[in-house]
Amino acid sequence: MDVLPIVATALWAMLPAYVPNNAAVLAGGGRPIDGGRSWGGRRLLGDGKTWRGTAAGTLAGTALALALNAVYEPVAATLGVVADPFPVVAGLGLALGAMVGDIGASFLKRRTGRERGAAFPGLDQLDFVVGALALATLFAPEWALATFRPSVLVAVVVITPLLHVATNGIAYALGLKDEPW
């Protein structure tokens, strides 16, 4: 089994899901999705989950999918990507799904008493992956099932937490994040 095309496909196919949460932070601020409401004495989501951030993240991920389509042939051939270009609905599903997965994780964090920014190992690294894969499969089932074969899914599940920890550590060391997770 040749691992490089599997890894290249996993990274390529997940790029539109890797970008949205970072874009949401950059867009920052705005009205919280939960409107400040609480449940059981705890905020539903918190001030970090906003409509503006969700929209910006979704747009950024979807736009990235379209940009990747523009360079698909030469890049895919060079890297050994074994996937079709992104249908627009697949890009939208990956991007929106990443945001929805992160929002769901925020809800779970609040229910378990964790404050904003608190670590929740496992969930922090894969919440957006679950959301992205679920919505991409819902929005573009043929593309998602053909792209995310079992070997590619394994690569996504192994590589994503490593990338997440590494990039967050770098951002923390550079003073761009308050916590290293």
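Predicted model only: the values in this text are computed from it and were never measured.

For the rest of this paragraph, the subject is the nonpolar core. Membership of the largest hydrophobic core comes to 31 residues, with the highest contact counts inside it found for Met14, Phe86, Leu94, Trp143, Phe148 and Val156. Mapped by element, the contributors of at least two residues to this core are α1 (3-18), α3 (51-70), α4 (72-79), α5 (88-111), α6 (123-139), α7 (141-147) and α8 (150-173). A total of eight residues in this core trace back to one element, the largest contributor, which is α1.

A few words on the packing of aromatic side chains. Enumeration according to the criterion identifies six aromatic pairs in this entry. Relative to Phe128, the ring of Tyr18 lies with its centre 6.0 Å away and its plane at 70°, an arrangement referred to as edge-to-face. Pair noted here: Tyr18 is in helix α1 and Phe128 is in helix α6, with a separation of 110 residues, a long-range link. For Tyr18, a relative accessible area of 17% corresponds to the buried category. For the ring pair Trp39 and Phe107, a centre distance of 5.8 Å and an interplane angle of 25° mean the geometry is stacked. Here Phe107 lies in helix α5 and Trp39 lies in strand β1 (residues 38-39), a separation of 68 residues in the sequence. Classification of Trp39 by relative accessible area gives exposed; the value is 52%. Aromatic rings pair up to connect Trp12, Tyr72, Phe86, Trp143 and Phe148 into one cluster. The ring of Phe107 carries Arg111 above its face, with NZ or CZ at 4.9 Å from the centroid.

Helix-helix packing is described using two parameters, namely the angle between the two axes and the distance between the axes. Across the interface, helix α2 (residues 20-27) lies against α5 with an axial gap of 9 Å and an inter-helix angle of 75°. Classed by the angle they form, the pair α2 and α5 counts as roughly perpendicular. Contacts between α2 and α5 involve Pro20, Asn21 and Ala24 from the first element and Ala95, Ala98, Met99 and Asp102 from the second. Taken together, the residues that form the contact of α2 with α5 break down as five nonpolar, one polar and one charged.

The subject of this paragraph is the packing of α1 against α3. Two elements in contact, α1 and α3, have axes whose closest approach is 7 Å; the angle formed by their N-to-C orientations is 145°. The segment α1 lies against α3, with Trp12, Leu15 and Pro16 engaging Gly61, Leu64, Ala65 and Leu68. Residues of the contact of α1 with α3, tallied by class, amount to six nonpolar, one polar and no charged.

This part takes up a nonpolar patch on the surface. Taken together, the side chains of Val89, Leu92, Leu138 and Phe139 define a hydrophobic patch exposed on the protein surface, amounting to about 330 Å² of accessible area. For the nonpolar patch, the elements supplying multiple residues, two or more each, are α5 and α6. Relative to the elements of secondary structure, Val89 occurs in helix α5.

Scoring rules and cut-offs
Residues numbered from 1 in each chain as written. Predicted model: local features only at pLDDT ≥ 70, side-chain atom pairs only at ≥ 80, totals over all residues. Heavy atoms only, no water. Core = buried A, V, L, I, M, F, W, Y, C linked by side-chain atoms within 4.5 Å. Buried < 20%, exposed > 50% of the residue type's maximum accessible area, 1.4 Å probe, protein only. Helix = DSSP H or I, 4+ residues; strand = E, 2+ residues; numbered from the N terminus. Phe/Tyr/Trp six-rings, centres within 6.5 Å; stacked < 30°, edge-to-face > 60°. Lys NZ or Arg CZ within 6 Å of the ring centre and 35° of its normal. Axes fitted to C-alpha atoms, helices over the stretch in contact; angles between N-to-C directions. Parallel < 35°, antiparallel > 145°, perpendicular 65-115°, else oblique. Contact = heavy atoms within 4.5 Å. Nonpolar A, V, L, I, M, F, W, Y, C, P; charged D, E, K, R; others polar. Patch = residues over 30% accessible without salt bridge, like charges linked within 9 Å, V, L, I, M, F, W, Y side chains within 5 Å. Areas by Shrake-Rupley, 256 points an atom, 1.4 Å probe, with all protein chains shown as cover. Salt bridge = Lys/Arg side-chain N within 4 Å of Asp/Glu carboxyl O.

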